[in-house]
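Residue-level structure breakdown
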Amino acid sequence: MIPSRKLLLATAALIPLAAVAWLLPAVSAWWQPAAVLLVGVGLVDGFLASRTPVPAVERQVPASLALGQPAEVRLTITLQESAAAVEVRVYDHYPELAEVRNMPSGGLLSPEQPLTLSYAIRPKRRGLLEFPQCDLRLQSPLGLWWRQLTVNESTYVRCYPNFSTISQLLEFEATSNTATSGLRLSRRRGEGIEFDQLRDYRVGDPMRSIDWKATARVQRLISREYQDERDQQVLILLDTGRRMLARDGEWSHFDHALNAALLLTYVALRQGDAVGIVTIGDGRPWLPPRKGADAVNSVLNHIYDIEPKPVEIDFSEAAQRVATLQKRRALVVLLSNVRDADADDLQQAIGLLQRRHLVMLASLREAILDQTVEAPVADFDDALQYAATERYLEARRSTQQIVASNGVSVDDCLPAQLAATVANRYLSIKRAGRL
């Protein structure tokens, strides 16, 4: 039992009177009965509160959560029909590292009408999240006590990488320009590799697209229409090493890499390709390339609980693993944070991969580097910092130029730009027929 504010105020009011009664014995004639009355009423009220039936709590959580995206949790509290209405306060225990609004909450609970409460939650950690229990405080009939109860209403829900971009893209037609991602997902007509269909000639069609046999047969100009080649394979290599622990703002570089992997998966599947995942550094089994309606869910469930570790990454070992696992030619997309110290190991790994595959590298760059070189130089310390940052960036660019000179598509981008950059680079490779 927890004393209410009403009981504490009544008790506080008796304390000064006790001091007066000690100085003036005549006052004790009515102070003592008041104190006894308060104690008696408090005991009775507390007893009645302990007899109140325990309400039932039902928690409704979305089937899955997305990292950093708000969601609604509903609590339905039901009281037995034989019980009297009671004021209730609710505190739901939510997962760690989550932002919550409208909790604690409360209201009047009656047997005739269940009490429904809702609060907003914004998860800041991926993985299997637990809502362990729910605490209730029931007010006593006279309002002198709060009876505290714990309802073991445990709920588990998976928190995935941020798939909100995909959800937004699904609202648009394939020919829409989506401001949220920077992608144009329209199917390119007339200049692809695989034949798609015949159609009437349109002004602007190149002469080489005209099918002269079909034209002669129907006595009007007929053009061939092509689409980008389908049924190819994309293999995403995720760096789970210590550099991916770096944070830009709220999220780690690894979280941004997962978002990019997820968007690339969606775009590649829309293009008719199969997508697989290989993680570097955590020993997790690979997810072979697959396609179809359930492929996105397979990727989500494979990567949602991966966390980077403070370990060094061996790119050569990862390349050997890919060479063993992936026998068919594929576009291998490496998501990492490449620095000049990686030059030798990275070149060796890429050389091994290029024996069979087309390689694409997307390297994350810390935002603080750009902010440092763009900031005004006000004193000697600023000048030293500027010079050191420029030297580091130049070494980084040099390493990437060496890699690019071997025929690798290289993008060095800020975390917020990674997802759109990777997806657009994939589309450009498809449209160039390089895969």
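None of these values were measured; they are calculated from a predicted model.

**Quick word on the confidence of the model for the protein**
Scored by pLDDT, the protein comes out at a mean of 83, with 87% of its residues at no less than 70. For the protein, per-element mean pLDDT is lowest for strand β13 (residues 177-178), which scores 42, and highest for strand β22 (residues 331-336), which scores 94. Taken together, the stretch residues 171-181 has pLDDT below 50 and engages in 18 contacts with residues farther than four places along the chain or on a different chain. For the stretch residues 185-192, pLDDT sits under 50, and the model shows 26 contacts to residues farther than four places along the chain or on other chains.

**Considering the packing of aromatic side chains**
Aromatic ring pairs are described here by two measures, namely the spacing of the ring centres and the angle between the planes. Enumeration according to the criterion identifies two aromatic pairs in this entry. Ring plane angle 50 degrees and centroid distance 6.4 Å describe the contact between Y91 and Y94, whose orientation is recorded as tilted. Accessibility expressed as a relative area gives 32% for Y91, which makes it partly exposed. Ring geometry for Y160 versus Y304: centroids 5.3 Å apart, planes at 70 degrees, classification edge-to-face. Of this pair, Y160 sits in strand β12 (residues 155-160) while Y304 sits in the loop between α6 (295-303) and α7 (315-325), placing them 144 residues apart in sequence.

**Things to note about the environment of R202**
Along the chain, R202 falls in the loop between β15 (194-200) and α4 (212-218). For R202, a relative accessible area of 48% gives the class partly exposed.

**Section: the sheet that holds strand β23 (residues 358-364)**
Strand order in the open sheet made by the six strands is β21-β20-β17-β22-β23-β24, with mixed pairing throughout. With partners counted over all chains shown, the strands left at the sheet margins are β21 (287-290) and β24 (409-413), one partner each. The mean angle between the axes of side-by-side strands here comes to 15 degrees, regardless of whether they run parallel or antiparallel. For strand β17 (residues 233-239) and β22, the ladder comprises five bridges, and the chain directions are parallel. Paired with L237 across the bridge in β22 is L334.

**What to know about the pattern of salt bridges**
Should the charged atoms of two oppositely charged side chains come close, the side chains can pair. One pass over the full model with this rule turns up 21 salt bridges. For R397, the salt bridge is made with E394, and the minimal N-O distance between the two is 3.2 Å. Of the two residues, R397 and E394 are both situated in helix α10 (residues 380-404); the distance of three residues between them amounts to about one turn of the helix. By relative accessible area, which is 34% here, R397 ends up partly exposed. In this structure E394 comes out as partly exposed when scored by relative accessible area, which is 42%. It is possible to trace a salt-bridge network through shared partners that takes in E99, R122, K124 and E250.

**Quick look at the side chain of H256**
Secondary-structure assignment places H256 in helix α5 (residues 253-270). Given the relative accessible area of 14%, H256 is considered buried. Discounting chain neighbours no more than four positions away, the residues touching H256 are D248, W251, L364, P415, A416 and L418.

**Description of the side chain of S409**
Among the secondary structure elements, S409 is positioned in strand β24. Within polar-contact distance, the side chain of S409 engages the side chain of R434 at 3.0 Å. If we skip the residues at most four places from it in the chain, S409 touches V359, M360, L361, R425, I429 and R434.

**Overview of empty space enclosed by the protein**
In total, this model carries one cavity of 30 Å³ or more according to the counting rule given. The space that makes up the largest cavity amounts to roughly 60 Å³. Lining the largest cavity are L237, F315, A318, A319, L334, L346, A349, I350, L353 and V359. Considering every element that reaches the lining of the largest cavity, the biggest residue donor is helix α8 (residues 343-353), with four residues. In terms of residue class, the lining of the largest cavity is built from 10 nonpolar, no polar and no charged.

**Looking at a nonpolar patch on the surface**
A cluster of nonpolar side chains, namely V44, F47 and L48, defines an oily patch on the protein surface of about 290 Å² accessible area. Mapped onto the secondary structure, V44 falls in helix α2 (residues 28-50).

**Observations concerning the nonpolar core**
Where a protein is soluble and globular, its nonpolar side chains tend to be buried together. By size, the foremost hydrophobic cluster in this structure holds 45 residues, and its most contacted members are V234, I236, L238, L331, L335 and V422. For this core, the element with the most residues is α5, which contributes 12 residues. In contact with L238, not counting residues within four places along its chain, are A257, L258, A261, I277, V278, T279, I280, I303 and L335. Counting 29 residues, the second largest nonpolar core, distinct from the first, contains L67, Y119, L138 and L149.

**Some points on the packing of α5 against α6**
Packed helix pairs are specified by the crossing angle of their axes together with the interaxial distance, meaning the distance between the axes. Across the interface, α5 lies against α6 with an axial gap of 10 Å and an inter-helix angle of 165 degrees. When the axes of α5 and α6 are compared, the pair comes out roughly antiparallel. In the crossing of α5 with α6, the sense of the turn from one axis to the other is right-handed. For the pair formed by α5 and α6, the contact residues are L258, L262, T265, Y266 and L269 on the first element and A295, V296, V299, L300 and I303 on the second.

What counts, and at which threshold
Residues numbered from 1 in each chain as written. Predicted model: local features only at pLDDT ≥ 70, side-chain atom pairs only at ≥ 80, totals over all residues. Heavy atoms only, no water. pLDDT = per-residue confidence, 0-100. Helix = DSSP H or I, 4+ residues; strand = E, 2+ residues; numbered from the N terminus. Contact = heavy atoms within 4.5 Å. Phe/Tyr/Trp six-rings, centres within 6.5 Å; stacked < 30°, edge-to-face > 60°. Buried < 20%, exposed > 50% of the residue type's maximum accessible area, 1.4 Å probe, protein only. Pairing = 2+ DSSP bridges. Axes fitted to C-alpha atoms, helices over the stretch in contact; angles between N-to-C directions. Salt bridge = Lys/Arg side-chain N within 4 Å of Asp/Glu carboxyl O. Polar contact = N/O pair within 3.5 Å; in protein donor to acceptor, adjacent residues only side chain to side chain. 1 Å grid on protein atoms, 1.4 Å probe; cavity = no way out; pocket = protein on both sides within 12 Å on 5 of 7 lines; lining within 4 Å. Points joined across faces, edges and corners; volume = space filled by probe spheres on them. Nonpolar A, V, L, I, M, F, W, Y, C, P; charged D, E, K, R; others polar. Patch = residues over 30% accessible without salt bridge, like charges linked within 9 Å, V, L, I, M, F, W, Y side chains within 5 Å. Areas by Shrake-Rupley, 256 points an atom, 1.4 Å probe, with all protein chains shown as cover. Core = buried A, V, L, I, M, F, W, Y, C linked by side-chain atoms within 4.5 Å. Parallel < 35°, antiparallel > 145°, perpendicular 65-115°, else oblique. Left-handed = near helix turned anticlockwise from the far one by under 90°.

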